[in-house]
Each structure stands twice: as structure tokens, then as C-alpha cells.
Amino acid sequence: MAQSSLFRPSLATPSSPHAHGSGGVGSVMGAVVIGLAPVTLFSVYLFGWPALFLLVVTLAAGLATEAVLLRLMGRPVRAHLLDGSAVVTCLLLALSLPASTPWWIAALGAVFGIGVGKQLYGGLGANPFNPAMIARVMLLISFPKELSTWPAVKPLFSGSALSFSEGLRVTFGGDKAPALPPDAASAATPLGHLKTELTLNRTVDEILAEGYSHTQAIFGTFSGSAGETSALLVLLGGLYLWWRGIIDWRIPGSMIAGTAAMALIFHVYDPSAFPGVAFHVFNGSLLLGAFFIATDMVTSPTTPRGQLIYGAGCGVLTYVIRTWGGYPEGVSFAVVLMNACVPLIDHYTRPRVFGKERAGGPPLGSQE
Amino acid sequence: MVEHEQRTPILPALFHGGIEPAEHKGLTSESPIRRLPVPAVLHVPLKQHIGNPAQAAVQVGDRVRKGDVIGKADGFVSVPVHAPTSGTVTAIDDYPAPHPSGLSAPTVTIEADGTDEWTDLDPRPDYETLRPAEIRGRIREAGLVGLGGAGFPTFIKLNPGPDRPVDTVLLNGGESEPYLTCDDRLMRERPKEILQGASIIAYTVGAKRIVVAIEANKPQAISAMLGASAGWPQIEVVAVENRYPMGAEKQLILSVTGREVPSGRLPADVGVVNQNVGTAFAAYRAIVHGEPLIERVVTVSGGAVAEPANLAVRFGPPIETIAAACGGYADLGRLIMGGPLVGSALHSTEPPMVKETNGLIFQTRAEVSGAAALPCIRCGACVEACPVSLVPNEMYHLARNKEFERVQDYDLFDCIECGCCAWVCPSNLPLVHYYRYAKSEIQAKEREKEQADIARRRTEARDARLQREKEEKEAKRRAKKKQADGGKAEKESADPREEAARKAAEKRRRMRGEASGEAGTEQAGGSGDAAAGTDAETASDEPNQR
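Residues numbered from 1 in each chain as written. Chains lettered and ligands numbered in written order. Predicted model: local features only at pLDDT ≥ 70, side-chain atom pairs only at ≥ 80, totals over all residues.

Asker: Even after reading the chapter, I still don't get the overall build of chain B, so can you show me in this structure?
Answerer: Across its full length, chain B carries 16 helices and 18 strands. Looking at the 546 residues of chain B, the share that counts as buried comes to 57%. (Helix = DSSP H or I, 4+ residues; strand = E, 2+ residues; numbered from the N terminus. Buried ≥ 20, exposed ≤ 12 C-beta atoms within 10 Å, placed from the backbone.)

If you want it as C-alpha cells, here you go:
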């Protein structure tokens, strides 16, 4: 046994465990992107070129911001860009904006979301608020007009589709954009339409009788932000994430249940002033929020009970803002508000530790 | 297989979380236990257990027979070490220890004479004529320690005391660590002996019932144990769910008996004594044949070793020798003693095989996960996986930020370091490493505080003494002055220094017990009220046996 032939590890010999399950941050984020793919592609189909330009602009601005800030902070740029978290943030932001959003607003949102919402707090894992939602809330407050002007549905390959150059003008033309055909300019989302009409002393039934149907809401041919369109495709993506084990049922389940429970209570109380459960669930970005936004790992609780509380809070707040707030949709505000409660929720919902009365408590069977 | 599954339903894991890592057991599960020929030179460390190292009981040049005591137990938490073969002691010196530190430790080197001659043995097949205390003594003298991996002296576990009535002996055949199959093979090949060992243990602790718990992925072991248990009405063989860390003591007890061992307490507090199947086998050899513990079965496996195998090996051959018996290795990236989830990575193949060595895993470079750590993304996978229901991500942040007070509030000392959290972590964070760091920092701080207290007490004692002497002088002076009887002031009887020294020694002993119970299934954090002796016991055995 010659001493020189003995094994000397070239690699570090850290402490156990010496085995690791498959998957990494990149694969988590990759799964989210795959889950978002159906609704993203559908939105491009539905709104045409501007939706695609919006995606490109948001991603480019967000990734550039991430790269510059990582470099400034002396962190490994490549490793962090490849973790995919910035891609997910930008994708979610783009999906929450109207397809007709001018490029500079989208870019500003992405720079703000990544720069202020994420990197200023310390980067991946350190941000208390969902960066995409912080950016959307900032834009909504700063540019209420642009953020609530929804383009009419103009599917690609259909007669009404915008041409490439028309699309360019929508996204990049700014105020100098030539007037589009009048009906191309805007359309109301069902939530927005209902909110406006309810102020005119009409009943829910009357309003919804004018061309609204759940089928359309589910398949997504109403206007809205890209991610608000097809409830079915969002659900599909969400189920994919659940199947992959990236998310569990607690946050989406409790968030949808939260909104649904509120909707049920008030609908039963006064059906003429409060639409029913299905309307609230299939419209707006509740499903997108429940499966893709509120489930953002960094900004949601890690304890099982905490996730239920947080999800229910998001759901209830969404309903409250939709019904009594100034905006027709409340998911982004609801999520940001609940994000702020996460440390508190996590602290008070720690699971009971093995052999103890409770987390941090005395051993089982002992007198306090 | 199907047959026994019908007879023995699979008990589900009743603990929270857990993981299902790739098993890699197929590499060795079909390789029968093979005996490694006794090598020419054996390096036998004097510490192969938790507790105080044994004290060398031989001199260089002495001739020893197989089974002779070469190291005497030192103190309560300690066991003797025996000569694994007959031969001559050629050195008593420091030799590389099988420890992740890569440091050396006192070791007796024996050159084998090839006769392998036994010392005088005292077999007691009639063990039921012995008193339980005598059996415990014999088990201690035989050097028995938990063979699941941590090496806690067995005799201590067999002495739960009169206020802890034990009704069940739980034989741990969980072996949920990947790669390891040594217990599986032993159960298949020596089921009768294992059950006899279990009966000896049950007799010693006064338990009426024996339960053998085996993970469902070992159907042949289950069949073999079932077959061997026919005609023993007090023995029950149960299959348990395949879920790591099923082999962890408290997790297994909960799943099999439904009893939850309170934090900081012992299995005996819920009426259970838990022993690894290998330990039961060794107890049988020790009592019925009178043989001390000088060899064990080890699984040699991993992608880098040419012929993975289960070997019965005497203690002392360098790992290099054992690897050579398995066709050698190539492209070695990491050498692990124990399983990959709680084992320790060794720096070289020079250290010897010891009592705790249940596995030697030779991982290739490709098998070593080399991904860089990313920040925690709070995904909560660790919270879901923790078999103790801790919040590992918070503990990580607190440990990293050196918030040692708060990390204890997050039940740091309940962590069993099983590695589930780090295994699932998508950011590839070395979570367990941070917990160990925090634990050792906290223990070091406590030791420091203890030292400071001792110093303070010493100073106080000195001040008191000086004061007393002054007063005595004064009294004498006064006495002289008054020309009274000249009676001396009485000396105080209790010397505070002596008291302080005694306390310090006691504390040191406790700290050692805790620190060496490093895998810490039951760290002493929660048992500050217990007496010193019980504290040492709380450093539970067999955390490695998962």
C-alpha cells in the first residue's frame, strides 16, 4: 500500500448529505415558463403582433437590468441569468399588461420590477414583494389610462388581424401612432364593463345579458391582459405545475376558494348587485394569480398552514378590491398586500415539531 | 414476495415528510456476505464508539490472542477494544482515523501471526440463568456498540432504569439509506441468530414483545425473518413503508408503535428499546458464544468500485485493503463512510475500518453533485421534507446570520441531521452543514460560559480564602493580645474550590457526551434538567442507521 497511491480527493469533502435530488432553481423556473407557455402563445394569437412585441420588450429590458445590476454587485451574471427567475418575472409582467401597452411603459415596468422590486432587496430569494406585481402596481398607479385601455381581440390570421407594421406602430409608435380603425382601439374587460355599468344603477343580470357568456370567459375570447384571457389555458398550465410538484394545491386552492366564498356570500345576499361565483372565478386574472403569481415561492409562506392563510387572504382581498375598490381588478394589489404579511404568517404557523407540544415549545407531556 | 405482503401489511410512515432517494441497493443486495481474509497488519483505533476513548491495555511487543482486550473502557460512556486476530503489537501510536477531519487518533497496530487463535472464551448459551445486570456487563466487556453507524455503547441502552419500564424491543431493519445492504444480507443469511440476539436483549430489559421492522423494499429479508420467527409467539415481523429516514430511531418507533418520543427524551421513556439488527446479531455472538465484537458486515458499493460487495471484515484493515478486495476503484470523486445521506466523507483510503463502518461508498466524479449553491428561493421543499417538522429554511438564514439565540427557538437541537432538506433543496444549499455549524458554535459558547463560571468561582473561592485567612490572623492576633486560651478559629470544612472542580469535571463529561453524539438524534439542548448520567445517554445511538 504505497502512500502515494492513496486517494486524495480533488473535490471538497463537505459534510453530509452526499446525495442530492434532481432539479435546481433553473428547472423550477423552467417549469413555470412551460406552464405559462399555452396562455402566452394564445395571447399572441389573440392580440397579434403587439402582444409579441410587448413580450420581447419586457424580457429584453428586464434581463438587461438583471445583467447590469448583477455585474455591478459583483455576482455571477451567467449563473443568475440562467436560473430563469428574471424570465419568469418579465413573462408574468408582460402577461398582466394590455397588449397595446407602449414599449416604454413595458420597459419601465420591467426595469422597475427587476431593479427595485428584486435586485435592490438583494436579488434572488431576498425580495419581499412579487417583482412582477410590484411593477404592475407601479405602472397602474402611474399610467392608469394606458394600463386600463384594453385592445379589442384581433386574432392573427383573421380578417381583423393587425399587420406587422400596424403592430409596430401600436407598441413603438407612442402618441404619434396613426389612428387605428375605431373599434380596434379598445374594448372593456367583463370585470371593467360590469363595474362601470353597476354605477349606472343597472342589475348584474341586465349587464351580463349583453353578450357575456361563461363559455367565452373560459375559452378566453374577451379582452383583457394577455394572462387574463383564457381561464382554461391558465388552468392547464397550473395543473402542469402541480403535476410537476412545483406548486401544491394550497395557495391556488385557498385563493380561488377565498374569492369564491366571498362571491357566494354576497351573491346570495343580493344577486342584482353582486355577480356569482363563476363570473368571479373565470374572469380577470384570478386563475393566473392563483396558479402563477401568488404561488411565487420567494414571496409566499413556506409553512403549509401559512400557505392556506395567505392564499385565502389573496382571494378575499381580490374580491374586496374588485367589488368596492377603485380598480376593476384587484389580484396584483391583493398579492402585494399579502406578500407584506408573509413573515408574520410564517412565524405564527410553524408546524408542531416532532416530540414537542408545538414549535419552539416544551417536550410532549411536560408541564409548562 | 406477494405472499408475505398479504401476510404482513406495510405500515405507513407516520412521521412528517421524508424523501425517496434513488436506492442503488441493487449493486450489492444480491451479493452474499463474503469474509475478507485477515490482513497481515491491522490498525485498531482505541475510539470506535461515542464517548471516552479506551485506554491502551497492551505494550508494544506484547503477543495478543484474538479477542484479548487491547484497550480498557475509560469512564461510563466507553467500551473496551479487542484484538481482532492473534499476533504481536507493533505500535501504539497516532494513525489516520476514519473521520472527516482527516486527523489521526491513538491506534494499536497488530501484526497478525496467521494462526487466528482465540483467547479463552466463556460462552453462555444458558443466558437465562444470568441476571440482566450480568448480561449488560458481558455486553459491555464484549465492546458492543450500536452497529447502525453511530456507535453508541449498547450496554447503556440496555439499562433504561427502574422508572422506565420497557415493553417492546424494536429491531431496526429499516436500512433506508441508499446503497447500504449489509443489514439486508445479514437478515437474509442469519435470521435465527438475529432473533436470538433480540431475545437476549428483551430478556435483559424485561420486554415481553419483540418487533422486527423492515423496509418494504427488502422482501427477502422480510420472508427470512418471518420464517425464522415461526414458533416465537412474542416476535412480530412487520414491513414498513419505504421512506427515508424510516431507519431513524424515533421516526421508526412512531411508525411501528404509534408512540412519539418526546423531544430530548429516550425511546425507553415510551417503553421501547431500539436496536439495529447487526447489534442484535453481535449480542448473540457475545453472550451465546462469548465472542467480543471484532468484526462486522460492511457494504462496499458505489459507481467507482469495481466489484461492489458485502464483506465480513475484522476491524483494522485500511480502507485501501478492503477496496482492493473488491477489485479496486477508479475515477473516485468521493469516499463516504456510512450511507450517502448521513455518512462522512473521508480524506483518504488510509484510515481503518471500525465498528461504526456500515458502508464504504466509492462515488465517481460524476456521482458527486457539483452544482454551485444559489440563494434560497423559499420554495418550502425543505419544510415539506423535514421528518421532524422543522422550518429548515428559516434555520438556515438564522444560522448563517449567526443568530444563535433565535435559531434555538426554531428547535435547532431537535434536528436529526438526516439530510432530507438538503437533498430536496433546488438551490443546492448545504443546509445540514449550517445546522452543525450553529450547534457547535452554541455548544462552544456554552463551554466558554462554563469556563468563565469556573474561573469566577475560583476567584470567589480565593477571595473567600484570603478573607478567611485575614480574619483568622486577626482572631489570633486578638487572642494573643487578650492572652486568652489560644484556641484556633475553626477551619471551614467545605472547600469551595473542590466543589467547583467537581462540577467542572461533571460538566466536561456531559459536554463530551453531547458533542460526540454529533449526529444528535437527541441533542442535549432540551434536557438541561437531567442528571449528568442521563445526559450522556441522550446522545442517542444509531442516527446513521437510516
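The structure having been displayed, the exposition proceeds.
Asker: How should I be thinking about the overall build of chain A in this particular structure?
Answerer: Within chain A, the secondary structure is distributed over 18 helices and zero strands. Relative to the globule expectation of 21 Å for 368 residues, the C-alpha radius of gyration of chain A, 23 Å, shows essentially globular dimensions. Its C-alpha atoms give chain A principal-axis dimensions of about 85 × 55 × 30 Å. For chain A, with 368 residues in total, the buried portion stands at 51%. Taking the intrachain contacts of chain A between residues at least 6 apart in sequence as the baseline, contacts between residues at least 24 apart amount to 75%. (Rg over C-alpha atoms; globule rule 2.2 N^0.38 Å. Contact = placed C-beta atoms within 7 Å.)

Asker: I'm lost on the domain arrangement of chain B in this one. Help?
Answerer: Interfaces are frequently sized by the accessible area removed from exposure as the parts join. Residue and element names in this part refer to chain B. Annotation of chain B at the domain level lists domain 1 (2-32 + 133-288) and domain 2 (376-456). Domain 1 and domain 2 are separated by 29 Å when their C-alpha centres are compared. Each partner contributes to the interface: domain 1 provides ten residues, whereas domain 2 provides eleven residues. Tallied by class, residues from the side of domain 1 that touches domain 2 come to five nonpolar, five polar and no charged. (Domains from an automatic or database assignment. Nonpolar A, V, L, I, M, F, W, Y, C, P; charged D, E, K, R; others polar.)

Asker: I would appreciate a short explanation of the sheet that holds strand 7 (residues 81-82) of chain B in the present structure.
Answerer: Either a parallel or an antiparallel arrangement is found when strands of a sheet pair, and the pairing is made through backbone hydrogen bonds. Residues and elements named next belong to chain B. The three strands are arranged 4-6-7 in an open sheet whose pairing can be described as antiparallel. Of all strands in the sheet, those bounded by a partner on one side alone are strand 4 (55-56) and strand 7. Of the strand pairs in this sheet, strand 6 (residues 69-72) and strand 7 are connected by two bridges, and their pairing is antiparallel. Residue pairing across strands places Val-69 opposite His-82, the latter belonging to strand 7. (Pairing = 2+ DSSP bridges.)

Asker: Would you mind going over the domain arrangement of chain A with me for this structure?
Answerer: All names here are of chain A. Domain parsing of chain A yields domain 1 (25-187) and domain 2 (188-222 + 247-349). Taking only C-alpha atoms into account, the centre of domain 1 sits 22 Å from that of domain 2. Where the side of domain 1 that touches domain 2 is concerned, the elements lending two or more residues are helix 1 (25-47), helix 4 (85-95) and helix 6 (131-142). Grouping the constituent residues of the side of domain 1 that touches domain 2 by class yields 13 nonpolar, six polar and one charged.

Asker: Explain the pairing of strand 6 of chain B here, please?
Answerer: The two faces of the sheet receive side chains in turn, since in a regular strand these alternate between them. Alignment of strand 4 of chain B against strand 6 of chain B, held across two bridges, turns out to be antiparallel. Residue Gln55(B) lies in a different strand from strand 6 of chain B, and its bridge partner there is Lys72(B).

Asker: Would you mind showing me how to read the interface of chain B and chain A here?
Answerer: If you look at the interface, chain B gives 64 residues, while chain A gives 41 residues. Listed by contribution, the elements that provide at least two residues to the side of chain B that touches chain A are helix 9 (319-325), strand 16 (332-337), strand 17 (344-346), helix 13 (420-424) and helix 14 (431-482) of chain B. Of the residues that constitute the side of chain B that touches chain A, the class distribution is 34 nonpolar, 19 polar and eleven charged.

Asker: When you look at helix 16 (residues 286-293) of chain A in this model, what are you seeing that I'm missing?
Answerer: Given 3.6 residues per turn, any residue in an α-helix points the same way as the ones three and four places further on. Summarising burial for helix 16 of chain A: eight of the eight residues are buried, a large majority. Leu286(A), Leu287(A), Leu288(A), Gly289(A), Ala290(A), Phe291(A), Phe292(A) and Ile293(A) are the residues of helix 16 of chain A that are buried.

Asker: Would you mind going over the packing of helix 14 (residues 250-269) of chain A against helix 16 of chain A with me for this structure?
Answerer: Each pair of packed helices gets described by two things: the angle between the helix axes and the distance between those axes. All names here are of chain A. One can describe the packing of helix 14 onto helix 16 by two numbers: an axis separation of 8 Å at closest approach and a directional angle of 155 degrees. Classified by the angle their axes make, helix 14 and helix 16 are roughly antiparallel. When you trace helix 14 past helix 16, the crossing you get is right-handed. Residues Pro-252, Met-255, Ile-256 and Thr-259 of helix 14 lie in contact with helix 16, whose contacting residues are Leu-286, Gly-289, Ala-290 and Phe-291. A class-by-class count of the residues in the contact of helix 14 with helix 16 yields six nonpolar, two polar and no charged. (Axes fitted to C-alpha atoms, helices over the stretch in contact; angles between N-to-C directions. Parallel < 35°, antiparallel > 145°, perpendicular 65-115°, else oblique. Left-handed = near helix turned anticlockwise from the far one by under 90°.)

Asker: How should I be thinking about the environment of Leu81(A) in this particular structure?
Answerer: Tracing the backbone shows Leu81(A) in helix 3 (residues 77-82). Those residues in contact with Leu81(A) that sit more than four places away from it in its chain are Leu63(A), Glu66(A), Ala67(A) and Ala86(A).

Asker: So what exactly am I meant to see when it comes to the pairing of strand 15 (residues 309-314) of chain B here?
Answerer: Residue and element names in this part refer to chain B. By the criterion of burial, strand 15 is predominantly enclosed, with five of the six residues buried. Pairing of strand 2 (residues 34-35) with strand 15, which is carried by two bridges, proceeds in the parallel orientation. Within strand 15, the residue paired with Arg-35 across the bridge is Ala-312. Sheet topology note: the strand 14 (residues 295-301)/strand 15 ladder contains six bridges and is antiparallel. Across the sheet, residue Glu-295 finds its bridge partner in strand 15, namely Arg-314.

Asker: Is there a simple way to explain the packing of helix 2 (residues 49-72) of chain A against helix 8 (residues 164-172) of chain A in this structure?
Answerer: Residue and element names in this part refer to chain A. Two numbers describe how helix 2 lies on helix 8: the axes approach to 8 Å, and their chain directions differ by 50 degrees. It follows from the interaxial angle that helix 2 and helix 8 lie oblique. Crossing geometry of helix 2 relative to helix 8 is assigned as right-handed. In this structure, helix 2 contributes Trp-49, Pro-50, Phe-53, Leu-54 and Val-57 to the contact, and helix 8 contributes Phe-164, Gly-167, Val-170 and Thr-171.

Asker: So what exactly am I meant to see when it comes to the environment of Gly238(A) here?
Answerer: Residues and elements named next belong to chain A. On the secondary structure map, Gly-238 appears in helix 13 (residues 231-244). Sequence separation between Gly-238 and Leu-287 is 49 residues, and the spatial gap between their C-alpha atoms is 8.5 Å. Ignoring any residue separated from it by four or fewer positions in sequence, one finds Gly-238 in contact with Gly-35, Pro-252, Leu-287, Phe-291 and Phe-292.

Asker: Would you take a moment to explain the sheet that holds strand 15 of chain B for this structure?
Answerer: All names here are of chain B. What the six strands build is an open sheet, ordered 2-15-14-18-16-17; its pairing is mixed. What marks the edges here is a single partner per strand, and that holds for strand 2 and strand 17. In the packing of helix 4 (residues 182-189) onto the sheet, contacts are made with strand 14 and strand 15, and the angle to strand 14 comes to roughly 125 degrees.

Asker: Help me out: how do you make sense of the environment of Ala372(B) in this one?
Answerer: With respect to the element layout, Ala372(B) can be found in the loop between strand 18 (359-364) and helix 10 (381-385). Between the C-alpha atoms of Ala372(B) and Ser427(B), which are 55 residues apart in sequence, the distance is 8.1 Å.

Asker: In this structure, what is going on with unusual backbone geometry? I would like to understand it.
Answerer: Glycine aside, residues mostly have negative phi, and peptide bonds are mostly found in the trans state. Geometrically, the link from Ser16(A) to Pro17(A) is a cis peptide bond, its omega value of -5 degrees lying close to zero. Of note, the amide linkage connecting Tyr244(B) to Pro245(B) takes the cis form, showing an omega dihedral of 0 degrees. Within the element layout of this structure, Pro245(B) appears in the loop between strand 12 (235-240) and helix 7 (249-257). Look at Glu417(B): it is not a glycine, yet its phi comes out positive at around 55 degrees. Within the secondary structure layout, Glu417(B) lies in the loop between helix 12 (404-409) and helix 13.

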